[in-house]
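# Working through the structure, step by step
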Amino acid sequence: MPRTGVFLCHCGSNIAGTVNIDQTIEASRNFPGVVHVDEYRYLCSEMGQDIIKKAIEDNNLDRVVVGTCSPRMHENTFRKAAAEAGLNPYLLEVANIREHCSWVHKDMEEGTPKAIALLRAAAAKVALNEALEAPKLEVEKRALVIGGGIAGIQAALDIAEAGYPVDIVEREPSIGGRMAQLEKTFPTLDCSACILTPKMVEAAQHPNINLITYAEVEEVNGFVGQFDVKIKQKARYVDPVKCTGCGICWEKCPAKAPSEFEMGLAKRKSIYVPFAQAVPMVPVIDKETCLYFRKGRCQICEKECPPQAIDYEQQDEIIERRYGAIVVATGFDQMDPSIYGEYGYGQHPDILTGLEFERLFNASGPTGGKVVRLSDGKPPKKVVFIQCVGSRDKARGMNYCSKICCMFTAKQAILLKEKLPDAKSYVFYIDVRTAGKGYEEFQRRAAEEYDVAYLRGQVGKIFPEGDHLVVHGVDSLSGKVVDIKADMVVLSAASIARADAPELGRKIGINTDSYNFFNEAHPKLKPVETHTAGIFIAGACQTPKDIPDTVAQASAAAVKAVGLLSKEMLQGEACTAEVDEAECSGCLHCVAVCPYTAIDAKEIEERYGDGTLKRTVAEVNPALCQGCGSCSAICRSGSINQKGFSNEQILAEVDAICLQR
Amino acid sequence: MAENNVENLKKIREAVSQDLLGGRIDLLLGWEKGHYWWQSRPLFARTEEDLEKLTWDSFCAINLSRYLLDELKDFQKVGVLVKGCDARAFNRLLQDNMVVRDRVTLYGLPCPGMLDYDRLAEVAEAAPEGIIEQNGKVTIKTADGEKSADRDDLLADKCRDCIYPDPVVYDQLLLSPVGKKEAPEKFTAIEKLEEMSAEERYSYWEKELSRCLRCYACRQACPFCSCRECFVEQQNPRWQGRAYQASENFMFHLVRAYHGAGRCIDCGECERACPVDIPLQELNRKLTKDINQLYGDYEAGLDAELEPPLLTYRPDDPAAFSEK
Amino acid sequence: MSTAVNETSAGKEPLIVSFCCNWCSYAGGDLAGTSRMSYPANVKVIRVPCSGRINPMFILRAFQRGADGVLVAGCHPGDCHYSTGNYHGRRRLSAFKRLVEFAGFEPERFEVRWISSSEGDKFAEEMTAMTNKIKALGPNRKMRDARWQKIT
């Protein structure tokens, strides 16, 4: 039998006003296991806490119930007090007499019996409480950033500046990401490369940052503070130590392939760096198109390379490393708009996506910075921009707004006018959305100073006619049908999640939403956390966003990571689930409902007859378990049970509450 | 079945004896004749001699897959004869991690449906002494003479509503497929009950459940009941009271059925095993019906790879609460 | 449905057991308190971490022991503190609710509500509405274990 003490707080008149203290105390005396009762005006005061502490010591109490305000208010206060008196803090339960009783019931007639019921339930529960200890976890003081775009670079720089080593794993041969593909950024029209490349270089040169480019995360095991990560370093076939980045190899290479960086609008060599400011300035050989790998001869790069850095024998390598925290910043893709047959994307060289059009402005881009039609090389006179291609389209595309298109379209229209003063832009839109510092002003400028015609309405069809593309649409404000003889059409294709985001999510143990963007832990209050402790997200892999938002979120993620890395030890959740292995049948339904991948299958050996049997049971990793109890609810045999909210405890509360009407 | 019984049995025996004698399996789970001609009970065959007792007739209703739970402890490789329902039961066990696929050889037996003694007696209006089957007709012999009836009218309850008589999973299919049967109106009884008032329904169940002996035969026969210790036997916490009263009868039967929510393969073994004829399937099917209606069609046991509906969710799921 | 049960419950105030998730609905109850929004004392709350923690056996136990109504309250779908607990709970408890109705319980006896921590008013309203509905129905005798009340 436990030795329980019950302490009732008057909370001034907050409780005593509608709960008869004497009657309640007298009733509490008769609860099973109760050996001591007391009351005080303010239990949370130092005096009040001392009363509890002294009673624990004097009466040898091993369980405590306090009838006070909500446990969400002072549970920690009282548990700390109990701990100071030598009691395990989890042997104390709070009955919520103030918020759930005295404050909401009119008089003592109502309040007193309910207070007694709530205390009885708490006493019944506490009798089954066990001493618990929150698991203590060591922290590996190194962070991993997945993705080397502006989000990843910013997060890595912030973590590195805080004094922790950080690795950036980038899939492409160079860091830089989408931002490196942009000519200018809105709403300031500063050159994207001019603000990005210094950060790329800073990241490369930072003593705390280690770039692992042309590499992908293969596997993540472990948990917060101790993630064991396998990274596949793809073979570059170039020794990065010897290579000086002189460029002779890609100058001389005779084989070509479409350039990913140029959105396929230009060719690159088979040995290449994706763009002129690449970091690291070390080329890779694309095995698929390289003559040597395909046909066994050529080897020009090897012959021409001054420092003899070419190494055809290089193999993919697996790097294994432990990290305390992970920031996922894998960015976004642009939707392929060819599913919209009416826009004719893919069927005519002068119908481009926003990102493709962006490349035409760039001096090192496919047209050397001349904005010309890809069909005949002539500068366009009329360019039509179509918004929401795949965005805000429940039927064929994505439900959401891609957020950046209104702004980059205004930017491109302005840039166009600056390059070609004779050119005229038309924008078909559903709504123009320009929330953001300086955004509305910027878009107004496009409309008012740069002669951009905004037409509210949709385009039904685009078809070639002679040299032109006829854009057939409706201006829904005037109700008129509009036919524009355009020279070029630019589609604001939706920003979408990376196709392999769900797969990566599964590897690292975070989930994706219905659009395959990574889920934040809470839409308002935990925007950079994920449901897996120690893994944070930044940038457009969470949802489409612009550069300022991306950078802000990256810094936020970095702070979260640094906060974690700066801890000597992590305190885990005490009320975790535990498995009764003898009873567990190993059906692993608990694994399916656990939001934290905290449960795994485990093989155990059991004696059977003269020998042993191997069988599967569930195993909880207390470091990952957050104590939601989903597993305990789905387990048919109650073989997995949550400490602190166990089946026994909840049933005892039900029984106790029902004893008194 | 009886018409080519001899031939079919020969085919089955050949296939399994090859594997048993060749060491590909250490044990064969099949059926043998029981004490009465209208009962076939599980056969645990380890030798050629054992195999001689093997039978395949119109009374092999017992679902053999569940016996794997025990037999896989003693034998490395077990062969099982599986009808449609046994095969779905196997998938259930596979999904619950109760069996190891590559230690089991499944011999598929497309099943024409099993006959029920009570139904034979009902139709014959006398104690049946034997049957002869021919061309979909069954001649029932009694002390008073003979009576003929359509085979379909003599089927056991669990077979009447069966739409998957062919095994959905097997390693070898030993007989020719029967083909998918038409979807019967298996929810008719449920719908009738749904139309009653709450009071009437409670009275109905109170009466039906009052017969319960709490022998737990339903559980023992059930492929979704695979817990090592059932909640009814647990002491701590004591979920289930021991008293024979409505309160505890409801507790057991509602929880038993709920534990099969989204998992019940509708094999009807619970009801067949019940010595007091409680319509247990109605509880199981109510859950199946509602879960399918709310969360999309799902048939447990058809595909072990498909996630059971209560182990997953969609953010826009509907709910059955008065506030949506 | 023995007469003994009838007598014990007759004339008594109904009892409503409410399982509230710690993060939303229990906090909503706290806010109702802080805002002094009164609701009937018939409602007694049991705090659980998440609505996904609810094993239907807890609900049946409450009916056995004498609850006249059971209300599970959790975060609004999409707002679960543990991200998916109430999504899973919604499926399980929907199936279970239909089952207990099928067994003969009036639909009002068992309900689920989504109440956020900022919805103190909704908490008080729902608790009042539940109590009124149960009062209108009268005491629950279904599944009640007559012996339990005698222990008092």
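In every chain, residue numbers begin from 1 and rise along the written sequence. Labels follow written order: the first chain is A, the first ligand is 1, and so on. In keeping with the predicted nature of the model, local features appear solely for residues at pLDDT of at least 70, side-chain atom pairs appear and are counted solely at 80 or more, and the whole-chain, interface and lining totals rest on all residues. Side-chain metrics rest on all non-hydrogen atoms present in the structure, leaving aside hydrogens and water.

On to the overall build of chain C. In terms of helices and strands, chain C carries six helices and four strands. In sequence order, chain C lays out its α and β elements as α-β-α-β-α-β-α-β-α-α. For 152 residues, the compact-globule estimate of 2.2 N^0.38 gives 15 Å, and chain C sits close to it at 15 Å. Expressed as lengths along the three principal axes of its C-alpha atoms, the size of chain C is roughly 45 × 35 × 25 Å. Each residue is placed in one exposure class: buried if its accessible area under a 1.4 Å probe, protein chains only, is under 20% of its type's maximum, exposed if it is over 50%, and partly exposed if it falls in between. When each of the 152 residues of chain C is scored for burial, the buried share is 71%. None of His or the chain ends enter the tally, which takes Lys and Arg as positive and Asp and Glu as negative. To locate a charge, take NZ of a lysine, CZ of an arginine, CG of an aspartate or CD of a glutamate. One finds the centroid of the 22 positive side-chain charges in chain C at a distance of 7 Å from the centroid of its 14 negative side-chain charges. Each helix is a run of DSSP H or I of at least 4 residues and each strand a run of E of at least 2, with the numbering of both proceeding from the N terminus. The size measure is the radius of gyration over C-alpha atoms, and the globule rule it meets is 2.2 Å times the number of residues to the 0.38 power.

It is worth spelling out the sheet that holds strand β22 (residues 424-429) of chain A at this point. Residue and element names in this part refer to chain A. Sheet architecture is open: five strands sit in the order β20-β27-β21-β22-β23, paired in parallel fashion. Two strands in the sheet have a free side with no partner beyond their single neighbour: β20 (351-353) and β23 (452-456). Taking each pair of neighbouring strands and ignoring which way they run, the sheet shows an average axis angle of 20°. Pairing between two strands requires that DSSP report at least two bridges joining them. Taken together, the five bridges between β22 and β23 define a ladder with parallel strand orientation. Each bridged residue has a counterpart across the sheet, and for V427 the counterpart in β23 is Y454. Any pair of residues with heavy atoms lying within 4.5 Å of one another is described as a contacting pair. To get an axis, a line is fitted to the C-alpha atoms, and for a helix only the part in contact is used. The angle between two axes follows their N-to-C directions and goes from 0 to 180 degrees. Set on the sheet, helix α12 (residues 405-419) makes contact with β21 (382-389), β22, β23 and β27 (488-493); between it and β21 the angle comes to about 170°.

Contacts between the two partners involve 41 residues from chain C, matched on the other side by 47 residues from chain B. We define buried area as the total accessible area lost by two parts upon association, computed with a 1.4 Å probe and summed across both. At the boundary of chain C with chain B, total buried surface from both sides reaches about 4000 Å², with 61% on carbon and sulfur atoms. If you sort the residues of chain C by the area they bury against chain B, C:R91, C:R98 and C:F102 come out on top, with a joint share of 23%. Salt bridges are defined as contacts in which a side-chain nitrogen from Lys or Arg sits within 4 Å of a carboxyl oxygen from Asp or Glu. Seen at the junction of chain C and chain B, the total is four salt bridges. As a salt-bridge pair, C:R91 and B:D317 come within 2.7 Å of each other at their nearest N and O atoms. Each polar contact in these results corresponds to two N or O atoms within 3.5 Å; when the atoms are within protein, one needs to be able to donate a hydrogen and the other to accept it, and residues that are neighboring in sequence are counted only if both atoms are side-chain atoms. At the surface where chain C touches chain B, the tally comes to 23 residue pairs in polar contact (both at pLDDT 80 or more). Elements with a minimum of two residues in the side of chain C that touches chain B: α3 (56-65), α4 (85-102), β4 (110-114) and α5 (120-137) of chain C. In the side of chain C that touches chain B, the residues fall into 17 nonpolar, six polar and 18 charged. Residue polarity follows a fixed list, in which Ala, Val, Leu, Ile, Met, Phe, Trp, Tyr, Cys and Pro are nonpolar, Asp, Glu, Lys and Arg are charged, and the others, Gly among them, are polar.

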